[in-house]
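Per-entry structural report
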Amino acid sequence: MADYADRWPAEALLDLIIHLNRLRDVTGIKVRLLCLGRSSHLWWSLVVNHFVGQPVKVDDERLEAVAADRDRTRLYAEAAGRFAAALGVPVRAWPPPAGLGDPEFGQILAVHMAALAAVLAHQRGDKQPETPHEVSSYLLTREYASWSRGTRQAPDGMQQTLHQVTCAATLAGPLNWTDAEKVLTRAGLAPAGALINEHRRFYPPESAGTVLQPLAPGRLGEDLIALSTPGHGFHGADTPTDPWMLHVVPRLLIFTQPHHGHRPHRGLRRQVVPSPTWTPKMMLTLVETAYRWPHVASELLYPVLHRSPELAIRAGGATLARLARLPEVDLDVLEAVDRRLPDKRRADLDLAAAALSEALIEKRLVQAGGASRRATLLYEHAWRMSQVGAWFAAVNAAEDCAHIRRDLDDLPDLAHALDALSWFQSKLNRRPDAVATAEESVAVCRRMAKRDWLRFRSHLARTLRYLGHRRHDLDRADATEPLEEAVTLLRELAADDPDQYRADLAESLATLGMRLVGAGHRALHLVAEAVETYRQIVLPGSELADTLNDLGVLAVRLHRPELALSSYQESADLYRRLVAGNPDAYEASLALTLGNLDGSLATAGRDDAALAAISEAVDIYRRLAETNPVHLAALADALDTLSVRLWALDRHDDALASADEAVAICRRLAARNAETYLPVLASKLSDYCAHLINSGRGEEALPGMKEVVAIRRRLVRKDPATHRRDLAASLNSLGDQLAALGRKEPAVTWTEQAVDLYREMAAENPGAHRPTLARCLRALATRQFAAHQDGRAAIEESAALSRRLAAASSTDYLIELAQSLDVLRDHLMAGGHPRALAVAAEVTPAWRDLARTSPGAHQQSLIRALQKLGQLLAKAGRTDEALAPSAELVRLYQRLAATDPENYRLPLAKAAERLATRLSAVGRHQEALSPLLAAVKIYRELDASTDLTRGLSILDRCRAKLSDHPRTRRWA
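A brief look at the structure comes next. Bear in mind that the values here come from a model prediction, so they are computed numbers and not experimental data.

1. What about unusual backbone geometry?
Of note, the bond from Ala 190 into Pro 191 is cis; its omega dihedral lies within 30 degrees of zero at -5°. Here the amide bond leading from Ala 216 into Pro 217 is cis, since omega sits at -5°, within 30 degrees of zero. Positionally, Pro 217 belongs in the loop between α8 (192-202) and α9 (218-228). Notably, Glu 328 is not glycine yet its phi reads approximately 50°, a positive angle. Turning to its location among the elements, Glu 328 is positioned in the loop between α14 (317-324) and α15 (331-339). The class for Glu 328 is exposed, based on a relative accessible area of 80%. A positive phi angle, near 55°, is found at Asp 943, a position not held by glycine. For Asp 943, the location among the structural elements is in the loop between α42 (925-942) and α43 (945-961).

Next comes the structure, spelled out in structure tokens:
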């Protein structure tokens, strides 16, 4: 819990949240941070805006005041009873003060203080205090009494001294001993050491190494400061005021030292020196006290700020924001503070600048010298509010600014106002409004350019780029049109003034190219032009490396592997140089580029170089993740890729170890952010299981595969559209592995579930999911047949689907048809079904076409198809028709044996023998001799005695049929 979070320096609060988020990443423990503040104004917008798009969920809730009736009465009675028991006061009914229902008692602490005061008053026989001011005054009187009773020194004057020491401690403490002595010395309280020791007898420090513990609770301490300062106007106070307060505050806050100027006749001047360490705490105490005691602002706070406005800045943005919202705040003080804000942006001071602007804008608008000045003030106010994420206020101010600029027909400034307004609207997800505003800005710039083309064409180019971005936010098809025009203008501008416009041209070219990814080579040419434009800039920085990376991505998509490789390589080289100068800024980008380079090197067959690239990426991500767990997901991805490279190099154990580490990281990530990382865990675990299967450890893979299915079932329940396809694939893979392990019935069960999912998806989107449904049905049929189940319906449906797909696109789906028909044919053949022949006749031409375009991939399937077609034709008594596939098979084997005799001469001989047998069977004995003699020759050369015996026997039968033929006699 961060108490008084609205008082924290903005950077400190943001750092705490970032640190807790990293701790969650490392430990896997979900962390909740409760930030309590007196208001949620501005500082909370700053926090929310900082974490937009990050895995940090934020929400807020307004804590209402304690109910004025029963809740406060019960709270008061319970607190009084507890205080009475602790103080040994007899328990009785404790009537609430008359003003308990007033707004001043809206805080629980105020009610508790009233209850304590009532118990003490009853114990001493005093009148019960009724109002919050009376309560504080009474409790402070008891503090004074304790000083008189408990002091070790003579009481004369000591009570007042302890009063002043306590005020100083409440203003500035707690402090280390050295600073505490400085405070008391500056306050005119001596001897400092003795007073510090006396004070800590009454108020022991809460932290080791500190003294001057402030009076607690904080509300009572604030009341001590207020009631001790003259001018509070509370006549019922028993607490003495002390004019010393009017002098001690400037003494403690404003440090000056004598300085001799260069001109002696001007005498001594005063030079302000840096404020002491207690300035932020003291300023915060004064500001918070002033909320309930206005005289603290007029008597203490504003006088020191008039003299030294920079004190408010040194107090920090949170305190300055609270100062700006004081009721009836001194606007002259705020103006003086505002003029001293530094130019350099800082989250803490962004908060202060926004609060100051919010407090001063109405006064400034009233005092503005004219409409143009009002518009300028509104524009500046809008930007200040945007910097803390106060988008509604930013939009309102920008709209007012634009309205004034329209009336003035001040076109250049109107365009600037509209550009800002469009961006603010986009941040509020008012995207259609953002587009409309951007279009108006473009129209304004066209009017400007029409008046003076050379002067205003750059304005038009800028607004066109913004319009392209806003349309892209809406996924509009015309998003690239303004970018196209902007590129044309920027080419002209860069030609006239390269130093001014080359960078904008390069950025616009790259953006347009990546938006036109679907345009193929044109996108590639645009990004390539962006690269060349960046090369012409003397110091292009990381932009050239980024754009080279984009060029590599496009080159991969367009099957330009050489260009992709060279682009990624150059990008990596540039990032290495950038990392040498600023590793924190560029190491992550280098690692990302190395991951892309790995893919291109692997595609080029350079496995060792690919392994070196991805190994370097892993090393970088591992180092980055040690200090910032945001890089853990990228580390897991890189480890997964590393496992693939190691496997390709036969380093199987190392590959498994790398994949296992990727899974372990994803488990930690998913434990703390399931929505984002459960899909990633499923993917990495699936890859790890694949490595186990390829290692021959299929049994070990089963638990992981079942876990993947369980994860994806959970994801499908929340988002079916996104995750059903992955679940179906996992179910099918699990069925495949169970089948490979001989678990036939479970294999069928899992595959049936996959088919059901694919069938649902194909009904919704046939074009996307019918191919996978056909494949999964084929797998189901195969597994059903293996389990001695009827898979006929599944394979028939698969074949029917594949026919429709192949009819629409034979290039893409002919192989699906051929594979489904293969399974159907084999099933029909096994059952002796007469339809087997028709299916074999259908599938053979399909494999023939596929083998023609890709022989290496499909020749074996064609061989099987020809064999089975010939077999079925012969069995059906259509031996003469079986001759064509048999002869084609011989020719195919002849070509294969010519290049690979060791593997294909024996199959060639058997195919030739089969052809001869079928020729002889139809009475074509003479034609049978040639293939039969070739077969016998091969059998003899291979010393295949059994085959040779069979071949010679067939030859004898042939000779008998042709006993009078001259050629036969000569051969004999």
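2. Description of the packing of aromatic side chains
Across all of its chains, the model carries eight aromatic pairs by this definition. Ring geometry for Tyr 144 versus Trp 147: centroids 5.0 Å apart, planes at 50°, classification tilted. With Tyr 144 and Trp 147 both in helix α5 (residues 132-150) and three residues apart, the pair spans about one turn of that helix. Both residues of the pair, Tyr 144 and Trp 147, count as buried. Their ring planes at 45° and their centres at 6.1 Å tell us that Trp 391 and Phe 424 sit as a pair that is tilted. A residue pair is termed long-range when its members are at least 10 positions apart, and Trp 391 in helix α18 (residues 391-408) and Phe 424 in helix α19 (residues 411-427) qualify at 33 residues. Take Trp 391 and Phe 424: they sit in the same class, and that class is buried.

3. Quick notes on the pattern of salt bridges
Summed over all chains, the structure comprises 62 salt bridges. Where Arg 292 meets Glu 222, a salt bridge forms, and the shortest distance between an N and an O atom there is 3.2 Å. One end of the pair, Arg 292, is in helix α11 (residues 279-292); the other, Glu 222, is in helix α9, with 70 residues separating them in the sequence. The partly exposed category is assigned to Arg 292, whose relative accessible area is 25%. The shortest N-O distance in the salt bridge between Glu 760 and Arg 724 comes to 3.2 Å. With a gap of 36 residues between them, Glu 760 in helix α34 (residues 744-764) and Arg 724 in helix α33 (residues 720-740) connect regions that are remote in the sequence. One salt-bridge network, held together by shared partners, links Asp 332, Glu 335, Asp 338, Lys 363, Arg 364 and Arg 384.

Calculation notes
- Residues numbered from 1 in each chain as written.
- Predicted model: local features only at pLDDT ≥ 70, side-chain atom pairs only at ≥ 80, totals over all residues.
- Heavy atoms only, no water.
- Helix = DSSP H or I, 4+ residues; strand = E, 2+ residues; numbered from the N terminus.
- Buried < 20%, exposed > 50% of the residue type's maximum accessible area, 1.4 Å probe, protein only.
- Phe/Tyr/Trp six-rings, centres within 6.5 Å; stacked < 30°, edge-to-face > 60°.
- Salt bridge = Lys/Arg side-chain N within 4 Å of Asp/Glu carboxyl O.

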